[in-house]
Amino acid sequence: MILSTLAAAGGHIRFDQLGLDPVALDLGFFTLKWYSLAYLAGILVGWWYLLKLLAQPGAPMARRHADDMVFYATLGIILGGRIGYVLFYGEDMWSDPWRILRLWDGGMSFHGGVVGTSIGIMLMARKHKLNWLRIHDYVACCAPFGLFFGRLANFVNGELWGKPTDVAWGIVFPHTVAGGLDPARHPSQLYEAGLEGIALGLLLWFLFWRTQARYQPGKLVGWFLLGYGCSRFFVEFFREADEQLMEFARQTGLHMGQWLTLPMIAGGIYLIVTAKGRRQRVEPIAGTESVA
């Protein structure tokens, strides 16, 4: 099967022969897409892992706070992600404001989702009088799950593909060139799933479980910002710029996604470097021990 697929693609894999469908379930009156399931999976698996982290000594909040935070974070992801997309990638939507409300029309911005989630966490922390920066550290450790599932959904949707390439693992996505032959392209969605999801997740896992990073407020979220920023900046060199931002990329030399990662990288470095100075005695809100 694999050999015949490669042969049919002239040495490259053809996306339309992989048997992938953006729709996971179609009942006629109800349609469920893999992209929606990716969001749900990211939130549910992240919630499950967050509870594992909170069971450790010196946690910044209890289970009851985590349940409340999931609501705030989910709202922040949806609203922030959509608003960010409209501001950075969907300027044409301003001519038809109703499109902004149609979440299935267009996309979501990760950078906007980060801002929205951060605002949600700060509101929740203020409500319960908790340390918002330490909560960010714990939530950052859970974020790679959502990134991994989201990038896999991008691949299944056949969107956000990469630049033309001759590498053996290049994939021929359909309808990427108007009126011309579709070239093989980098599967940049999978590159991002590997770096932003798996590699970054393993880094944060090591820092949380094998070091004292969680007792230095801001260190884990700093590594998340730095790791995501560097991963995204790197992969953008292999990713095709959004069609409406092609001219922007030519004029500035970088994609919009790369420009948006620069503040994340700078902020991440700052939080990492200054984290040790913020360490203080951590009294448990959940867990069983006080941590010096």
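Remember, it's a predicted structure, so these values are computed and weren't measured experimentally.

The pairing of strands in a sheet comes from backbone hydrogen bonds and takes either a parallel or an antiparallel form. Pairing in this open sheet of 3 strands is mixed, and the strands run S1-S4-S5 from one edge to the other. Every other strand in the sheet has two partners, leaving strand S1 (13-14) and strand S5 (184-185) as the edge strands with one partner each. Both S1 and strand S4 (residues 171-172) contribute to a ladder of 2 bridges, which runs parallel. Bridge pairing in S4 places Ile13 opposite Ile171.

Among the secondary structure elements, Ile265 is positioned in helix H10 (residues 256-274). Classification of Ile265 as buried rests on a relative accessible area of 17%. Sequence-wise, Ile265 and Leu225 are 40 residues apart; in three dimensions their C-alpha atoms are separated by 6.0 Å. With residues near it in sequence (within four places) discarded, Ile265 still touches Leu225, Leu226, Gly229 and Cys230.

This structure, assessed with the given rule, holds 14 aromatic pairs. Ring centres of Tyr49 and Phe145 lie 5.4 Å apart, and the angle between their planes is 70 degrees; this geometry places the pair in the edge-to-face category. Of this pair, Tyr49 sits in helix H2 (residues 34-54) while Phe145 is found in helix H6 (residues 132-157), placing the two residues 96 residues apart along the sequence. Ring pairs connect the aromatic residues Phe15, Phe155 and Phe173, which therefore count as one cluster. Taking NZ or CZ as reference, Arg214 lies 4.5 Å from the ring centre of Phe208, over its face.

What counts, and where the lines are drawn
Residues numbered from 1 in each chain as written. Predicted model: local features only at pLDDT ≥ 70, side-chain atom pairs only at ≥ 80, totals over all residues. Heavy atoms only, no water. Pairing = 2+ DSSP bridges. Helix = DSSP H or I, 4+ residues; strand = E, 2+ residues; numbered from the N terminus. Buried < 20%, exposed > 50% of the residue type's maximum accessible area, 1.4 Å probe, protein only. Contact = heavy atoms within 4.5 Å. Phe/Tyr/Trp six-rings, centres within 6.5 Å; stacked < 30°, edge-to-face > 60°. Lys NZ or Arg CZ within 6 Å of the ring centre and 35° of its normal.

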